[in-house]
Amino acid sequence: MINFQYARASDVTDAVRRIAADPTAKFIAGGTNLLDLMKDDVERPTRLIDITRLPLSEVEETATGGVRIGALVPNSDLAWHPLIVQRYPVLASAILAGASAQLRNMASTGGNLLQRTRCLYFYDTATPCNKREPGSGCSAIQGINRSNAILGTSDACIATHPSDMCVALAVLEAQIHVTGPGGERIIPLADFHRLPGDTPQRDTNLEANEIITAVELPAQGFATNYTYLKIRDRLSYAFALVSVAAGLEMDGNTIRQARFALGGVAHKPWRDQAAEAELAGRAAGPDTFRRAADLVLRDAKGFEHNAFKIELARRTIVRALTQAAQGTPQSQADKKIA
Ligand SMILES: Cc1cc2nc3c(=O)[nH]c(=O)nc-3n(C[C@H](O)[C@H](O)[C@H](O)COP(=O)(O)OP(=O)(O)OC[C@H]3O[C@@H](n4cnc5c(N)ncnc54)[C@H](O)[C@@H]3O)c2cc1C
Ligand code: SF4
């Protein structure tokens, strides 16, 4: 039995004041990750600060033609919101590829960004894990590492970030709005999640005394040529082995602009601008896509049980870019799968 105190924040300022006053406190939103971590004794907050009543549940158009998503918008509401379905279908598709309908009803936008790795050893408190207990060692490097990373790993940690939503946010170049004791700031999605390096205990560049208030999407939504392709062991209720979000601007069969990001392969959504530049101005086709995939994976490193991910990622990139270029996204949203 873990004892903890419970408090409800009355507004964003109150939430920040409460979290800044107690370094062992945690915000709770949908609770779909945090409560599991507490039950498994991985996280032991002494105080939960309930933020679910804060006014952060709106999806609104911005003056610059983009969309601002409140941090408490549930994943289901976001995926089915008309602005998202019509203008950012890659995001709708990625969200609907994750978890289950019940979980998506509870899970919040901010919580999804901050969900923790699904590395087996992170949840197993009987084993060493540098992310859970810095300096204790990494059990995955020589252990069961089938779901672990192949890009951006370190000697301290080879965990992946498990979110589907964040892979689409990387392609859309989302901006994360946060508030702390010093006021508001904006963190580009590309800089939000960190690589493990020698501090794998830190997943993101959000400070412990900051709250996420919103996610802002710029106007460009790649609504015609996009896809989110998720490869996993089961067709639902499973995390990605490899996923690819892609958005292209096409001129006939020529690629004017390309963005794509990988999930399930690194400690953060993985984008490679050199590989994207390789696509610009070229005719869409398997040779072009394979060259881009080879570039992304040039430094990939497999471990005993996950080396298969390198070839899987190569093929998934080629298939995702093919689908996006042809405007045949096989989107979950198109199929109305809830
Ligand atoms: C069985 C299962 C399967 C799943 N499958 C998938 C999947 O396939 N793909 C996928 O992407 N996800 C999957 N998920 C994860 C799910 O999407 C996340 O658990 C969820 O998005 C977390 O959101 P939440 O609001 O419940 O967060 P919480 O559990 O409430 O919080 C998570 C963390 O975020 C912090 N936090 C929450 N909101 C804020 C805020 N506004 N500001 C600062 N800190 C905040 C909390 O303090 C906590 O540390 C799965 C989860 C489960 C349990
Ligand atoms: S990969 Fe990271 S999360 Fe997994 S055991 Fe190693 S240190 Fe822990």
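Please read these numbers as outputs of a predicted model, since none were measured by experiment. (Residues numbered from 1 in each chain as written. Chains lettered and ligands numbered in written order. Predicted model: local features only at pLDDT ≥ 70, side-chain atom pairs only at ≥ 80, totals over all residues. Heavy atoms only, no water.)

Comments concerning the sheet that holds strand β12 (residues 270-271)
So the rule is basically this: What makes two strands pair is DSSP finding at least two bridges between them. Under the DSSP-based scheme used, a helix requires at least four consecutive residues in state H or I and a strand at least two consecutive residues in state E, with every element numbered from the N terminus.
With antiparallel pairing, 4 strands are arranged side by side in an open sheet as β9-β10-β11-β12. A strand with exactly one partner marks an edge of an open sheet, and here the two such strands are β9 (225-231) and β12. Where strand β10 (residues 242-251) and strand β11 (residues 254-263) come together, 9 bridges link them in antiparallel fashion. By the bridge assignment for β11, Leu-248 is matched with Ala-258.

Considering the sheet that holds strand β4 (residues 59-61)
Put simply, the test is: Comment: axis = line fitted to C-alpha atoms, over the contacting stretch for helices; angle = value between 0 and 180 degrees taken between N-to-C directions. We call two residues contacting when some pair of their heavy atoms lies within 4.5 Å.
Read from one edge of the open sheet, 5 strands run β4-β5-β8-β6-β7, paired in antiparallel fashion. Two strands in the sheet have a free side with no partner beyond their single neighbour: β4 and β7 (183-188). The mean inter-strand angle of the sheet, taken between neighbouring strand axes irrespective of direction, is 25 degrees. Two elements, β4 and strand β5 (residues 67-70), share 3 bridges in a ladder whose sense is antiparallel. Its bridge partner being in β5, Glu-61 is matched across the sheet by Val-67. Across the sheet, helix α1 (residues 12-21) touches β6 (175-180) and β8 (211-217), and the angle it forms with β8 is around 130 degrees.

Thoughts on helix α12 (residues 286-296)
Which entries qualify depends on this criterion: Note on classification: 1.4 Å probe, protein chains only; a residue is buried when its accessible area is under 20% of the maximum for its type, exposed when over 50%, partly exposed between these limits. Directions drawn from the helix axis to the C-beta atoms are what define this arc.
Among the residues of α12, those classed as buried are Thr-288, Phe-289, Ala-292, Ala-293 and Val-296. The buried residues of α12 occupy one face: seen down the axis, they fall within an arc of 135 degrees.

Section: the nonpolar core
So the rule is basically this: The nonpolar core is taken to be a set of buried Ala, Val, Leu, Ile, Met, Phe, Trp, Tyr and Cys residues, with the residues joined through side-chain atoms within 4.5 Å.
Formed by 54 residues in total, the largest nonpolar core has its most connected members in Leu-91, Leu-113 and Leu-217. The residues touching Leu-113, leaving out its near neighbours within four places in the chain, are His-161, Met-165, Cys-166, Leu-169, Ile-176, Leu-189, Phe-192, His-193, Ile-212 and Val-215. Grouped together as the second largest cluster of nonpolar side chains are 32 residues, Ala-266, Phe-289, Val-296 and Ile-317 included.

Observations regarding the site of ligand 2
For the record, the criterion: Nearness is defined per residue: one heavy atom within 4 Å of the molecule or strand is enough. Note on definitions: the grid is 1 Å and covers protein atoms alone; a cavity is a set of points where a 1.4 Å probe fits but cannot get out; a pocket is an open set with protein on both sides within 12 Å along at least five of seven lines; lining residues have an atom within 4 Å of a point. Pocket occupancy is defined atom-wise: a molecule lies in a cavity or pocket when more than half of its atoms are within 2 Å of its grid points. By the convention adopted, Pro, Cys, Tyr, Trp, Phe, Met, Ile, Leu, Val and Ala count as nonpolar, Lys, Arg, Asp and Glu as charged, and the other residues, Gly among them, as polar.
What surrounds ligand 2 is a group of 14 residues, the closest being Cys-119, Cys-129, Cys-138, Cys-157 and Ile-158. In this structure, ligand 2 is accommodated by the largest cavity. Here the residues of the shell around ligand 2 are counted per class, giving 10 nonpolar, 3 polar and 1 charged.

Side note on the environment of Arg-146
Mapped onto the elements, Arg-146 comes out in the loop between α8 (120-123) and α9 (165-171). Spatially, the C-alpha atoms of Arg-146 and Gly-302 are 9.5 Å apart, while their sequence positions differ by 156 residues. The residues touching Arg-146, leaving out its near neighbours within four places in the chain, are Asp-233, Leu-241, His-305, Asn-306, Phe-308 and Lys-309.

Here's the deal with the pairing of β6
Of all the 6 residues making up β6, 5 are buried; the element is thus mostly covered by neighbouring parts of the structure. One ladder, built from 6 bridges, connects β6 with β7; its direction is antiparallel. Considered in β7, the bridge of Ile-176 is made with Ile-187. Pairing geometry for β6 and β8, over 5 bridges, is antiparallel. By the bridge assignment for β8, His-177 is matched with Ala-214.

Observations regarding the pattern of salt bridges
Worth spelling out the cut-off: Any Lys or Arg side-chain nitrogen found within 4 Å of a carboxyl oxygen on Asp or Glu counts as a salt bridge.
Within this structure, the stated rule accounts for 25 salt bridges. Here Asp-272 ties to Arg-298 by a salt bridge, and the two come within 2.8 Å at their closest N and O atoms. A residue pair is termed long-range when its members are at least 10 positions apart, and Asp-272 in the loop between β12 and α11 (273-279) and Arg-298 in the loop between α12 and α13 (308-326) qualify at 26 residues. Here Arg-291 and Glu-278 are joined by a salt bridge, their closest N and O atoms 3.0 Å apart. Of this pair, Arg-291 sits in helix α12 while Glu-278 sits in helix α11, and the two are 13 residues apart along the sequence. The network of salt bridges with common partners includes Lys-26, Glu-43, Arg-116, Lys-131 and Asp-203.

Interpretation note: all reported values are geometric properties and have no functional meaning in isolation.
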